[in-house]
Amino acid sequence: MRVRARFAKLGKLRWTSHRDVARMWERAVRRVGLPLAYTEGFSPRPRISFGLALPTGHESVAEYLDLELTQLDDPGGLVARLDGALPDGIDVAAATRLEAGTGSLQEEVTSCSWEIEVTGMDRQAAAALVEAAMGADTLEVTRERKGRPSTDDIRPALRSLCVSDTASWLPGPPSGGLASTGRTSCHTGAVLLAELATQPRGVRPSELVRALDPALELGRARRTHQWIERDGARREPLPPGPPDAPHAYERAS
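Residues numbered from 1 in each chain as written. Predicted model: local features only at pLDDT ≥ 70, side-chain atom pairs only at ≥ 80, totals over all residues. Heavy atoms only, no water.

A. Main features of the overall build of the protein. Helices and strands together make up the secondary structure of the protein, namely six helices and 11 strands. Relative to its full complement of 253 residues, the protein shows a buried share of 50%. Contacts spanning at least 24 positions in sequence make up 77% of the contacts within the protein whose residues lie at least 6 apart. A total accessible area of about 12,800 Å² is found for the protein, and carbon and sulfur atoms account for 49% of it. (Helix = DSSP H or I, 4+ residues; strand = E, 2+ residues; numbered from the N terminus. Buried < 20%, exposed > 50% of the residue type's maximum accessible area, 1.4 Å probe, protein only. Contact = heavy atoms within 4.5 Å. Areas by Shrake-Rupley, 256 points an atom, 1.4 Å probe, with all protein chains shown as cover.)

Now the structure itself:
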């Protein structure tokens, strides 16, 4: 059977690499004694499948992974068991058994929502940049591919972009969830809300900021949602449930 878990990666743990987070999960699963299935062959590996890798240095309240288990006697207590075995900053918000035939996270997720702080400009200047970007036919960014610079147009991957009055990286859990707080953050620039496509190739917040204006500096960035779009409908890999891992705000710093 397959179980999908939603977790947050906050605070100092944002500097931990995707590979190190995978090792943390493997240790946590062993610690709580979950009956993981393993691959066959000379060097068996636990059947743990992660979703889209989070760029190092960024936070998220919408990370996912799939666990393949041989059995599960107590699904109701799974969140508490896993959460207690993981370090501060990695906080499990939900877990549920998947129906047979559910696709992998890598294949199904089509876009991600981000909160992106840009430093060195006020809200008015940011709004002008957003308007220009959304009205542009192309947004070019230079990437390195196989050791050589390559210029790509990321405008087709920019689903939406606007300026926000708030940010979710506030001390303590904001009332009403991540997106509904009316409190202001202590940032020194502007906060952008962006939805970026992940297929055929994903766009990082740093690439978006560079395409908007090469002189801009990326501040804090947090992934707030991952989306699966099919037949005109959009949903998350798991419902967010209670306000996104509220205890994570207390433990992560």
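B. View of unusual backbone geometry. The omega angle of the peptide bond from Gln199 to Pro200 is 0°, so this bond is cis rather than trans. If you trace the backbone, Pro200 turns up in the loop between strand S9 (189–197) and helix H5 (205–212). The phi torsion at Asp231 lies on the positive side, around 55°, for a residue other than glycine. Within the secondary structure, Asp231 is located in the loop between strand S10 (217–230) and strand S11 (233–235).

C. Expanded view of the environment of Ala190. Mapped onto the secondary structure, Ala190 falls in strand S9. Separated by 71 residues in the primary sequence, Ala190 and Thr119 have C-alpha atoms spaced 6.6 Å apart.

D. Structural context of the confidence of the model for the protein. For the protein, per-residue confidence averages 84 on the pLDDT scale, and residues scoring 70 or more make up 85% of the total. Low pLDDT (under 50) marks residues 171–187, which in the prediction has 28 contacts with non-local residues, meaning those over four places away or in another chain. (pLDDT = per-residue confidence, 0-100.)

E. Representation of the packing of helix H1 (residues 18–32) against helix H2 (residues 78–85) in the model. The geometry of H1 relative to H2 is characterised by a closest axis approach of 9 Å and an angle of 120° between their N-to-C directions. By the criterion of interaxial angle, the relationship of H1 to H2 is oblique. Of the two possible hands of crossing, H1 and H2 adopt the one that is right-handed. Within the contact between the two elements, H1 uses Trp25, Ala28, Val29, Arg31 and Val32 and H2 uses Arg81, Leu82 and Ala85. The residue makeup of the contact of H1 with H2, split by class, is six nonpolar, no polar and two charged. (Axes fitted to C-alpha atoms, helices over the stretch in contact; angles between N-to-C directions. Parallel < 35°, antiparallel > 145°, perpendicular 65-115°, else oblique. Left-handed = near helix turned anticlockwise from the far one by under 90°. Nonpolar A, V, L, I, M, F, W, Y, C, P; charged D, E, K, R; others polar.)

F. Structural context of the pairing of strand S1 (residues 2–9). Most of S1 is tucked away: seven of the eight residues are buried. Pairing of S1 with strand S3 (residues 59–68) involves seven bridges; the strand directions are antiparallel. By the bridge assignment, Arg4 is partnered in S3 with Asp66. In this structure, S1 lies alongside strand S4 (residues 90–97), joined through seven bridges in antiparallel fashion. Each bridged residue has a counterpart across the sheet, and for Val3 the counterpart in S4 is Arg97. (Pairing = 2+ DSSP bridges.)

G. Summary view of the side chain of Glu26. Counting through the fold element by element, Glu26 comes out in helix H1. Residue class for Glu26 comes out buried when judged on its relative accessible area of 17%. When neighbours within four sequence positions are excluded, Glu26 is seen to be in contact with Arg45, Pro46 and Ile48.

H. Structural detail: the pattern of salt bridges. Counted by the stated rule, this structure contains 16 salt bridges. The residue Arg159 makes a salt bridge to Glu229 at a minimum N-O spacing of 3.2 Å. With Arg159 in strand S8 (residues 158–164) and Glu229 in strand S10, this pair connects stretches of sequence that are 70 residues apart. You can call Glu229 partly exposed: its relative accessible area is 40%. Each of Arg143, Asp152, Arg201 and Glu207 takes part in salt bridges that share partners, so that together they form one network. (Salt bridge = Lys/Arg side-chain N within 4 Å of Asp/Glu carboxyl O.)

I. Up close: the environment of Leu65. Tracing the sequence through the fold places Leu65 in strand S3. A sequence separation of 59 residues divides Leu65 from Arg6, and the C-alpha atoms of the two residues are 6.9 Å apart. Residues contacting Leu65, with those up to four places away along its chain left out, are Val3, Arg4, Ala5, Phe7, Trp25, Ile48, Ser49, Phe50 and Leu105.

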